[in-house]
Amino acid sequence: MKQRGFTVIELLVVIVALIVIGIVGWQQFNEVQSVARDDKRRIAINTMYYNLEDIFYKTNKYYPETIDEKNLTSMDASLLTDPSGNKVGTGESDYRYEPVNCTDGHCKGYTLRADLEREADFVKTNKENK
């Protein structure tokens, strides 16, 4: 008489295979999410940079001491907030604006920086510092 069904070994092999597939899938998902957050950081820094250079500096002939939606009016204000929800200029933010050589709120240069998860910091400086 022949019995039907799976042996315990066959069931264990299937369970282990499903666990391995799940772990690999979860790691890939996390990697894709991390790359997407880094891309968002680069886009935000590039947008701030071009607004500072092509709009703010051309209009005012100096750089601001701080940046926010009031002085970078031509960009989407949500880009001033990092993927964790922290605004540029706060201590917890992945974005930093570091003004250089400032007098009475008028600066001659700056460095924009984003902390990336998978690479070194993404850095942009004013055109004259290059």
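Our subject is the structure listed above.
Residues numbered from 1 in each chain as written. Predicted model: local features only at pLDDT ≥ 70, side-chain atom pairs only at ≥ 80, totals over all residues. Heavy atoms only, no water.

Draft legend 1. Expanded view of the environment of Tyr-97. Considering the arrangement of structural elements, one finds Tyr-97 in strand β2 (residues 95-103). Along the backbone, Tyr-97 and Leu-112 are 15 residues apart, and their C-alpha atoms lie at a distance of 4.7 Å. Apart from residues no more than four positions distant in its own chain, Tyr-97 is found in contact with Leu-52, Tyr-63, Pro-64, Glu-65, Thr-66, Ile-67, Val-88, Tyr-110, Thr-111 and Leu-112. (Helix = DSSP H or I, 4+ residues; strand = E, 2+ residues; numbered from the N terminus. Contact = heavy atoms within 4.5 Å.)

Draft legend 2. Structural detail: the side chain of Arg-41. Here Arg-41 is to be found in helix α1 (residues 8-60). Here Asp-115 takes part through its backbone oxygen, which lies 3.3 Å from a polar atom of the side chain of Arg-41. Apart from the residues lying within four places of it in its own chain, the contact partners of Arg-41 are Pro-83, Asp-94, Tyr-95, Ala-114, Asp-115, Leu-116 and Glu-117. (Polar contact = N/O pair within 3.5 Å; in protein donor to acceptor, adjacent residues only side chain to side chain.)

Draft legend 3. Examining the packing of aromatic side chains more closely. Scanning the model with the defined rule gives six aromatic pairs in all. With a centroid separation of 5.5 Å and an interplanar angle of 90 degrees, the aromatic rings of Phe-56 and Tyr-62 are classed as edge-to-face. Within the aromatic cluster, the residues linked to one another by ring pairs are Tyr-57, Tyr-63, Tyr-97 and Tyr-110. One cation-aromatic arrangement involves Lys-124 over Tyr-49; the distance from NZ or CZ to the ring centre is 4.8 Å. (Phe/Tyr/Trp six-rings, centres within 6.5 Å; stacked < 30°, edge-to-face > 60°. Lys NZ or Arg CZ within 6 Å of the ring centre and 35° of its normal.)

Draft legend 4. Inspection of the state of the cysteines at higher detail. What the rule picks out here adds up to one disulfide. Paired through a disulfide, Cys-102 and Cys-107 show a sulfur-sulfur distance of 1.9 Å. Measuring handedness by torsion sign, the sulfur bridge of Cys-102 and Cys-107 sits at about 105 degrees and is right-handed. Of the residues examined, Cys-107 reaches a relative accessible area of 2% and is grouped as buried. (Disulfide = S-S within 2.5 Å. Buried < 20%, exposed > 50% of the residue type's maximum accessible area, 1.4 Å probe, protein only.)

Draft legend 5. Broad picture of the pattern of salt bridges. Here the structure, examined in full by the defined rule, presents 13 salt bridges. Here Glu-98 and Arg-96 are joined by a salt bridge, their closest N and O atoms 3.5 Å apart. Accessibility expressed as a relative area gives 29% for Glu-98, which makes it partly exposed. Connected through salt bridges with shared partners, the residues Arg-37, Asp-38, Arg-41, Asp-94 and Glu-117 form a single ionic network. (Salt bridge = Lys/Arg side-chain N within 4 Å of Asp/Glu carboxyl O.)

Draft legend 6. Spatial organisation of the side chain of Asn-126. Mapped onto the fold, Asn-126 is located in the segment after β4 (122-125). Its relative accessible area of 0% is what places Asn-126 among the buried residues. Here Tyr-110 takes part through its backbone nitrogen, which lies 3.0 Å from a polar atom of the side chain of Asn-126. Excluding residues within four positions of it along the chain, Asn-126 makes contact with Glu-53, Tyr-63, Lys-108, Gly-109 and Tyr-110.

Draft legend 7. The arrangement of the pairing of strand β3 (residues 106-114) in detail. Two elements, strand β1 (residues 63-64) and β3, share two bridges in a ladder whose sense is antiparallel. For Tyr-63, the partnering residue across the bridge sits in β3 and is Cys-107. Bridge count between β2 and β3: eight bridges; the pairing is antiparallel. Each residue of the ladder has a partner; that of Arg-96, found in β3, is Arg-113. (Pairing = 2+ DSSP bridges.)

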